Amino acid sequence: MVLRSLQQYLELMKLSGINEIFSLKNDIQTDNSRTIEELKEKYKNCRKCPLFKERTNLVYGEGSSSPILMLIGEGPGGEEDKTGKPFVGRAGQLLTKMLKAINIERDEVYITNIVKCRPPQNRNPLPSESEICIKYLYEQIELLNPRLILLLGKVASVNLLKKNLKIDEFRKEVFFFNNAKTFVTYHPSALLRNENLKKYAWDDLKKLRIEYDKILAEEH
Ligand code: URA
C-alpha cells in the first residue's frame, strides 16, 4: 500500500518534469537547536581543511532565515574573502542584478557556496575540500528548508547533485533536493566572460520566477 503510493508519487514527480530526487536524511545530523546565525558563529574558525590557512574570513552565507529560494555558488573569491559575504564582487553584483530582473531582492533569498573558504588564486575547490565542506551546506539546506534551489555553474551542480554532466545538460533537467525543486544556470562569472550566454540565463531565470510565483500562491 505504502509502496504503491510511493510509486505513484514518483511517477507524479516525473510527470511534473522532475528527473531525480535527492534526500539528505541519512547524510547529516543537523544542529536544529541553533539558528543559522548561531551556526555561522559556531563555524567561523573552522580548520577542517587546508583552505583555512589562506583565508581572511570564512564565508558561511547570508540572507533570509526563511527563504523560498537558496542560491549556491562555488566558493568565495577575493572580495568575499575580505568581507566575509558571499557574491559581493563583480560576479556577485551581476547576480544581484539578475535577481532584481525577476523582482527578487537579495535579502529575500539565502546565498551560499559549496566551499566556505577561498581557494588560492580562485581555483576550483579540490574534491577533498568540497567533501569536507559540503556538510555545512547540507546542514544549511536542512535548517533553512528552501522550496527552490538555484545552482550557479557546473562546480556547484556536480558537487551537490553528484552527477558529472555538462552545464547545458544540467540546465535541461529539474532535480529535487531535500524539499527543494532544484535548477541549474550559468555561474555569473561565466556570463561576465561570455555575454552571449546571458539570453540563456534569462530563460533560466524566467523559469525560476514561474516556480517562485507558484510557491507564493500556494503559501497565501
Ligand atoms: N563566486 C562564487 O562562486 N561564490 C562567491 O561567493 C563569489 C564568486
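For the structure, check the block above.
### Observations regarding the packing of aromatic side chains
A full pass over the atoms with the stated rule returns four aromatic pairs. Where Tyr43 meets Tyr136, the ring centres are 4.3 Å apart and the plane angle is 40°; that geometry is what we call tilted. A residue pair is termed long-range when its members are at least 10 positions apart, and Tyr43 in helix H2 (residues 36-43) and Tyr136 in helix H5 (residues 127-144) qualify at 93 residues. Assessed through its relative accessible area of 10%, Tyr43 is described here as buried. The exposure class of Tyr136 is buried, given its relative accessible area of 7%.

### Overview of the side chain of Thr112
With respect to the helices, strands and loops of the structure, Thr112 is situated in strand E4 (residues 110-113). Among the polar contacts listed, one links the side chain of Thr112 to the side chain of Gln140, at a separation of 3.5 Å. Once residues within four sequence positions are removed from consideration, Thr112 is found in contact with Tyr60, Gly61, Met70, Leu71, Ile72, Gly73, Phe87, Leu137 and Gln140.

### A word on the pairing of E4
Residues of E4 alternate between two faces, with Tyr110 and Thr112 on one and Ile111 and Asn113 on the opposite face, all of them buried. Relative to E4, strand E2 (residues 62-63) runs antiparallel, the two sharing two bridges. Following the sheet pairing, Glu62 is matched in E4 by Ile111.

### A word on the nonpolar core
Leu69, Leu71, Ile72, Ile141, Leu160 and Phe177 are the most contacted members of the largest nonpolar core, which has 63 residues in total. The dominant element in this core, judged by the number of residues it contributes, is H5, at seven residues. Excluding residues that lie within four positions of it along the chain, Ile141 makes contacts with Leu24, Met70, Ile72, Pro146, Ile149, Leu160, Phe177 and Asn178.

### Some thoughts on unusual backbone geometry
One non-glycine residue with positive phi stands out, namely Asn122, at about 55°. Positionally, Asn122 belongs in the loop between E4 and H5. A positive phi angle, close to 50°, is found at Asn145, a residue other than glycine. Position of Asn145 among the secondary structure elements: in the loop between H5 and strand E5 (148-152).

### Re the site of the ligand
Taken together, Gly73, Glu74, Gly75, Glu80, Pro86, Phe87, Asn113 and His187 are the residues near the ligand. Note that a nitrogen atom of the ligand is positioned 2.8 Å from one of the side-chain N or O atoms of Asn113. When the ligand sits alone it has 240 Å² of accessible area, and the protein chains cover 92% of it.

### Some details on H2
Turning to H2, its buried residues are Ile36, Leu39 and Tyr43. Looking straight down H2, one finds its buried side chains confined to an arc of 55°; they lie on one side. Those residues of H2 that are buried lie in contact with E4 and H5.

### Topic: the pattern of salt bridges
Applying the stated criterion to the full structure yields 15 salt bridges. Across the pair Asp168 and Arg171 runs a salt bridge, and its minimum N-O distance is 2.8 Å. Of this pair, Asp168 and Arg171 both sit in helix H7 (residues 167-172), three residues apart, which is roughly one turn of the helix. With relative accessibility at 36%, the residue Asp168 sits in the partly exposed group. For Arg171, a relative accessible area of 13% translates into the label buried. One salt bridge in this structure joins Glu211 and Lys181, with 3.1 Å as the shortest N-O distance. Pair noted here: Glu211 is in helix H9 (residues 198-219) and Lys181 is in strand E7 (residues 180-185), with a separation of 30 residues, a long-range link. Side by side, Glu211 and Lys181 carry an identical accessibility label, which is buried.

Cut-offs applied
- Residues numbered from 1 in each chain as written.
- Predicted model: local features only at pLDDT ≥ 70, side-chain atom pairs only at ≥ 80, totals over all residues.
- Heavy atoms only, no water.
- Phe/Tyr/Trp six-rings, centres within 6.5 Å; stacked < 30°, edge-to-face > 60°.
- Helix = DSSP H or I, 4+ residues; strand = E, 2+ residues; numbered from the N terminus.
- Buried < 20%, exposed > 50% of the residue type's maximum accessible area, 1.4 Å probe, protein only.
- Polar contact = N/O pair within 3.5 Å; in protein donor to acceptor, adjacent residues only side chain to side chain.
- Contact = heavy atoms within 4.5 Å.
- Pairing = 2+ DSSP bridges.
- Core = buried A, V, L, I, M, F, W, Y, C linked by side-chain atoms within 4.5 Å.
- Near = heavy atom within 4 Å.
- Areas by Shrake-Rupley, 256 points an atom, 1.4 Å probe, with all protein chains shown as cover.
- Arc of directions from axis to C-beta.
- Salt bridge = Lys/Arg side-chain N within 4 Å of Asp/Glu carboxyl O.

Treat this as a map of the structure, not an account of what it does.
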